[in-house]
Amino acid sequence: KGRTLYAVASAAIPLSASLTPPVLTVSAGAGSGYYGFNANGASDSQWGPFGSISYAFNDRIAVGAEYSGYAISAGVSLKPIKDLPLMASIYATDFLGSTPSYIGAYCVDGSCATRVLGRLTYSF
């Protein structure tokens, strides 16, 4: 695809007054390209919704889930060393099989199997 445009709104809500409070974060938006994926595939001119919700227990561990128009994903992020800005994330996608139902046509043999993905992020 040539481009993906999107608009998103997010809110982070601290759930206590402590130094490292638990935080609830929600995001919702609409976008084209990848985010515009639906039963007809994806195109630069087709728009669709996406969103996510996450809960950070503190500044070192968080869980979250997201919907992108193509998949529903959920996972966990960990910051293993307090003073090192390194974050490890692992999440599962397509763990609900062919949900939403139209993605089955785009999966191998028409069946969407769970995929586990991960990443390391270093912030500076």
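How each quantity is defined
Residues numbered from 1 in each chain as written. Predicted model: local features only at pLDDT ≥ 70, side-chain atom pairs only at ≥ 80, totals over all residues. Heavy atoms only, no water. Helix = DSSP H or I, 4+ residues; strand = E, 2+ residues; numbered from the N terminus. Buried < 20%, exposed > 50% of the residue type's maximum accessible area, 1.4 Å probe, protein only. Contact = heavy atoms within 4.5 Å. Areas by Shrake-Rupley, 256 points an atom, 1.4 Å probe, with all protein chains shown as cover. Pairing = 2+ DSSP bridges. Axes fitted to C-alpha atoms, helices over the stretch in contact; angles between N-to-C directions. Patch = residues over 30% accessible without salt bridge, like charges linked within 9 Å, V, L, I, M, F, W, Y side chains within 5 Å. Salt bridge = Lys/Arg side-chain N within 4 Å of Asp/Glu carboxyl O. Polar contact = N/O pair within 3.5 Å; in protein donor to acceptor, adjacent residues only side chain to side chain.

As for the overall build of the protein chain
When its secondary structure is counted, the protein chain shows zero helices and seven strands. Sequence-ordered secondary structure for the protein chain, helices as α and strands as β, is β-β-β-β-β-β-β. Within the protein chain, buried positions represent 25% of all 124 residues. Excluding contacts between residues fewer than 6 apart, the proportion of contacts in the protein chain whose partners are at least 24 apart in sequence is 38%. Just so you have it, the protein chain exposes about 7700 Å², and 63% of that area is on carbon and sulfur atoms.

Focus on the sheet that holds strand S1 (residues 6-14)
Reading across the sheet, the seven strands line up as S1-S2-S3-S4-S5-S6-S7 and stay open at both edges, with antiparallel pairing between neighbours. The open sheet has two edge strands, S1 and strand S7 (115-122), and neither has a second partner. Neighbour-to-neighbour, the strand axes of this sheet turn through a mean angle of 15°, independent of strand direction. Direction of pairing for strand S3 (residues 48-56) relative to strand S4 (residues 61-67): antiparallel, over a ladder of six bridges. What sits directly across from serine 52, in S4, is glutamate 66.

Side note on a nonpolar patch on the surface
A cluster of nonpolar side chains, Phe57, Ile61, Val63 and Leu78, forms an exposed patch at the surface whose accessible area comes to about 300 Å². With respect to the helices and strands, phenylalanine 57 occurs in the loop between S3 and S4.

As for the environment of glycine 75
Along the chain, glycine 75 turns up in strand S5 (residues 72-78). Spatially, the C-alpha atoms of glycine 75 and threonine 93 are 8.8 Å apart, while their sequence positions differ by 18 residues. In this view, glycine 75 contacts Ala62, Val63, Gly64, Ile90 and Tyr91; residues no more than four positions away in its chain are not counted.

Some thoughts on the side chain of serine 89
Secondary-structure assignment places serine 89 in strand S6 (residues 86-93). Within the local environment of serine 89, its side chain forms a polar contact with the side chain of serine 77, the two groups lying 2.7 Å apart. Setting aside its immediate chain neighbours within four residues, serine 89 contacts Val76, Ser77, Leu117, Gly118 and Arg119.

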